[in-house]
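Architecture at a glance
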Number of protein chains: 2
Amino acid sequence: MRNFDENNITRAVLERLQNSVSPRTRQISEAVVRHLHALIQEIEPSQQEWLAAIEFLTATGQMCSDTRQEFILLSDTLGASMLVDAINHRHPGEATQTTVLGPFYVENAKQHALGDMISHDADGAPLLVEGSVAALDGTPIAGAVVDVWHSDSDGYYDVQRQDGLQHLSDRARFVTDSDGRFWFRSIVPAFYPIPNDGPVGKMLDAQGRHPYRPAHVHFMISAPGCDTLVTHLFLADDPYLDSDVVFGVKDALICKLEAQAAGITARGNAIAAATAALRYDFRLAPA
Amino acid sequence: MRNFDENNITRAVLERLQNSVSPRTRQISEAVVRHLHALIQEIEPSQQEWLAAIEFLTATGQMCSDTRQEFILLSDTLGASMLVDAINHRHPGEATQTTVLGPFYVENAKQHALGDMISHDADGAPLLVEGSVAALDGTPIAGAVVDVWHSDSDGYYDVQRQDGLQHLSDRARFVTDSDGRFWFRSIVPAFYPIPNDGPVGKMLDAQGRHPYRPAHVHFMISAPGCDTLVTHLFLADDPYLDSDVVFGVKDALICKLEAQAAGITARGNAIAAATAALRYDFRLAPA
């Protein structure tokens, strides 16, 4: 086949996909071609605009490193990540609501003992986090792996600092105790702009959007036989709860910080000084 | 706004685009969001599949260098480049047909005198190229800038060789004479696979597609007051004319090589030895 024009090229490309290695590969490839061509037909880009799109995607890929994932930022800021998340968590039932992973998750973070202080941020306000992990019927899950990570009091993640992966902070892995409980000490995270010195920042500027996310603590919780839970807890009263640049806020994930005096908490943990406390009980869906 | 799910997130993202810096930025951004979300709704990617898409795009960007443009390859192999080309050249009238730029164009290639030999490929079969550039009414265009580039006899472009931009070959810039004519000597290009050691090569494998393009010579021709012409001339009888991996072939651009004896050609150029000859008269559309 030859002589392709705007009326016949989409069908021609689709016909080339017949020998895909799997039905799923063919299905995805066909959908990508149809929607990509429909987008081009709708916006009718000039050659200069198409080249600008090529250059934008190239720069987005080249911005990525061990500690920066610009394509996740792009997916997040276009609402694609939350849409994929929603499609994959249609029937949470009583399971804890999910939200985006974000670009700052680090695999194999250091495991800490329950109660440890996980922040090196001397300027942060003290924060106590007390939680539990249970199945949908409320049965506590002992031995669940709880990854937590959050920004420091300036709004930066450890991996955004110059020393990057060498000095992790405000990040740890815990394992729940025999009652499915975990607790740790850290500092109160700040709202922050997503990294906006790259192509995604330029896109937000062009779209007239601010780059801020409301303050939150990330959680990834896994246990055998359960769906791994990826979510955040947001801090109540944050100015960006209604305009999160990545569309991640859900009411069920917003927590009001509680005042906790020195002494033994209601959950039985010993606290040396008064602190703000964040408490949440997570429910995991079956796998 | 909060609590986004698959039913309300597309509208929410579109509402965030209201303050875009220009109506065109808003129009393009809205279309990207609508089509991207529609693609996701259709294929319902798992979280693992979406991460694989992120990783594919990241690898595509990171494959790009001064001499490799993997996102252009992606656009070409998905038929997007030819679709954009078609949309931008709807009324060629008598103008020469257009096709894709491809990833191997080099800005500011060395200008050669008419008649120069532009190939360093000692193994290639000799090729004479004789052409002319005219307006739609046939008026010759003197001083038109003619960029040409093509593969060597092994199917590689100069910039794909280890020394890259240091040793350009099978590539030159000419300026048409007072009669709008140009000519040069080179070697007969070969059909070739597009670079398939990167993400686009993996995609073609997964889609069960070969990576070949039929043999061709690229032209970019510009002159004041005219649309810059980006096209190829394809060699007749190539085995890949009907399955060009980038969908670029048009019948009007296929040329049969002619046998040219030593001596003075019909166009008045002096040739020392017998050679294959490629001849074409280009017509430029007004700007």
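Remember, predicted model here, so these are calculated numbers, not experimental data.

Below, the discussion takes up the overall build of chain A. The number of helices and strands found in chain A is six helices and 13 strands. Along the three orthogonal principal directions, the C-alpha set of chain A runs to about 80 × 40 × 35 Å. With 287 residues in all, chain A has 54% of them scored as buried. The long-range share in chain A, meaning contacts at least 24 apart out of those at least 6 apart in sequence, stands at 70%. Working note: accessible area of chain A is about 12200 Å², and carbon and sulfur atoms make up 51% of it. A distance of 5 Å separates the average location of the 22 positive side-chain charges in chain A from that of its 37 negative side-chain charges.

A few words now on the relation of the copies chain B and chain A. The operation relating the two chain copies consists of a rotation about an axis and a shift along that axis. Each copy superposes on the other: chain B lies on chain A with an RMSD of 0.0 Å after a rotation of 180 degrees and an axial shift of 0.0 Å. Such a turn and shift between the copies fits a two-fold axis. In terms of C-alpha distance to the rotation axis, chain B has B:G61 as its closest residue, with the C-alpha 2.0 Å off the axis.

This part covers the domain arrangement of chain A. All names here are of chain A. As assigned here, chain A comprises domain 1 (9-63) and domain 2 (74-284). Computed from C-alpha atoms alone, the centre-to-centre distance between domain 1 and domain 2 is 35 Å. In this assembly, four residues from domain 1 lie in contact with six residues from domain 2. Of the roughly 400 Å² buried at the junction of domain 1 and domain 2 (both faces included), carbon and sulfur atoms supply 90%. On the domain 1 side of the interface with domain 2, the three residues burying the most area are F56, T60 and M63, jointly 87% of the side's total. Our enumeration of links across domain 1 and domain 2 arrives at zero residue pairs in polar contact (both at pLDDT 80 or more). Taken together, the residues of the side of domain 1 that touches domain 2 break down into three nonpolar, one polar and no charged.

The element helix α4 (residues 70-77) of chain A is largely enclosed, with a buried count of eight among its eight residues. Among the residues of α4(A), those classed as buried are A:E70, A:F71, A:I72, A:L73, A:L74, A:S75, A:D76 and A:T77. Where α4(A) is buried, its residues meet α3 (47-62), α5 (80-88) and α6 (199-206) of chain A together with α3 (47-62) and α4 (70-77) of chain B. Backbone geometry just downstream of α4(A) places A:G79 in the positive-phi region, at approximately 75 degrees.

We now examine the packing of α4(A) against α3(B). Their axes nearest at 9 Å, the elements α4(A) and α3(B) cross at an angle of 125 degrees. When the interaxial angle is binned, α4(A) and α3(B) end up oblique. Relative to α3(B), α4(A) is oriented so that their crossing is right-handed. Together, A:F71, A:I72 and A:S75 of α4(A) and B:W50, B:I54, B:L57 and B:T58 of α3(B) make up the contact between the two elements. Partitioned by chemical class, the residues of the contact of α4(A) with α3(B) number five nonpolar, two polar and no charged.

On to the interface of chain B and chain A, then. Of the residues lining the interface, 76 residues belong to chain B; the matching set on chain A comes to 76 residues. Between chain B and chain A the total buried area reaches about 6900 Å² when both faces are included, carbon and sulfur atoms providing 57% of it. Here chain B and chain A share 12 salt bridges between them. Two residues, B:R34 and A:E42, come together in a salt bridge whose shortest N-O distance is 2.6 Å. For the interface between chain B and chain A, the tally reads 43 residue pairs in polar contact (both at pLDDT 80 or more). Every element with two or more residues in the side of chain B that touches chain A is listed here: α1 (9-15), α2 (23-43), α3, α4, α5 (80-87) and α6 (199-206) of chain B. Top contributing element to the side of chain B that touches chain A by residue count: α2(B), with 18 residues. When its residues are assigned to classes, the side of chain B that touches chain A shows 36 nonpolar, 23 polar and 17 charged.

Before going further, it helps to spend a moment on the packing of aromatic side chains. Residues and elements named next belong to chain A. Going through the model one piece at a time under the given rule, you end up with 27 aromatic pairs over all chains. Between Y212 and Y240, the aromatic rings sit 4.7 Å apart at their centres with planes inclined by 10 degrees, giving stacked as the arrangement. Placement of Y212 in strand β6 (residues 212-213) and of Y240 in the loop between β8 (229-235) and β9 (254-255) is noted, with a sequence separation of 28 residues between them. Accessibility expressed as a relative area gives 18% for Y240, which makes it buried. With 4.9 Å between their ring centres and 55 degrees between their planes, Y280 and F282 make a pair best called tilted. Residue classification places Y280 among the buried positions, given a relative accessible area of 16%. These aromatic residues form a ring-pair network of at least three members: F174, F182, F184, F219, Y280 and F282.

Here we take up the sheet that holds strand β4 (residues 181-187) of chain B. All names here are of chain B. The mixed open sheet is built from four strands, whose spatial order is β4-β1-β13-β10. Pairing within the sheet leaves two strands with one partner each, and these edge strands are β4 and β10 (258-260). If you compare each strand with its neighbour and ignore which way they point, the axes differ by 35 degrees on average. Sheet topology note: the β10/strand β13 (residues 275-284) ladder contains three bridges and is antiparallel.

Moving on: the sheet that holds strand β1 (residues 126-135) of chain A. All names here are of chain A. Read across the sheet, four strands follow the order β4-β1-β13-β10 without closing on themselves; strand pairing throughout is mixed. The open sheet has two free edges, formed respectively by β4 (181-187) and β10 (258-260), since each of these has just one partner strand. Adjacent strand axes in the sheet meet at a mean angle of 35 degrees when their direction is disregarded. The sheet contact formed by β1 and strand β13 (residues 275-284) spans nine bridges and is parallel. If you follow V129 over to β13, its bridge partner there is L278.

What follows covers the pairing of β1(A). All names here are of chain A. Judged by how many residues are buried, β1 sits mostly within the fold: eight of 10 residues are covered. Pairing between β1 and β4: seven bridges, direction antiparallel. Residue E130 lies in a different strand from β4, and its bridge partner there is W183.

Quick notes on the rules
Residues numbered from 1 in each chain as written. Chains lettered and ligands numbered in written order. Predicted model: local features only at pLDDT ≥ 70, side-chain atom pairs only at ≥ 80, totals over all residues. Heavy atoms only, no water. Helix = DSSP H or I, 4+ residues; strand = E, 2+ residues; numbered from the N terminus. Buried < 20%, exposed > 50% of the residue type's maximum accessible area, 1.4 Å probe, protein only. Contact = heavy atoms within 4.5 Å. Areas by Shrake-Rupley, 256 points an atom, 1.4 Å probe, with all protein chains shown as cover. Lys, Arg positive; Asp, Glu negative; His and termini not counted. Charge placed at Lys NZ, Arg CZ, Asp CG, Glu CD. Least-squares fit on C-alpha atoms with pLDDT ≥ 70 in both. Domains from an automatic or database assignment. Buried area = accessible area lost by both parts, 1.4 Å probe. Polar contact = N/O pair within 3.5 Å; in protein donor to acceptor, adjacent residues only side chain to side chain. Nonpolar A, V, L, I, M, F, W, Y, C, P; charged D, E, K, R; others polar. Axes fitted to C-alpha atoms, helices over the stretch in contact; angles between N-to-C directions. Parallel < 35°, antiparallel > 145°, perpendicular 65-115°, else oblique. Left-handed = near helix turned anticlockwise from the far one by under 90°. Salt bridge = Lys/Arg side-chain N within 4 Å of Asp/Glu carboxyl O. Phe/Tyr/Trp six-rings, centres within 6.5 Å; stacked < 30°, edge-to-face > 60°. Pairing = 2+ DSSP bridges.

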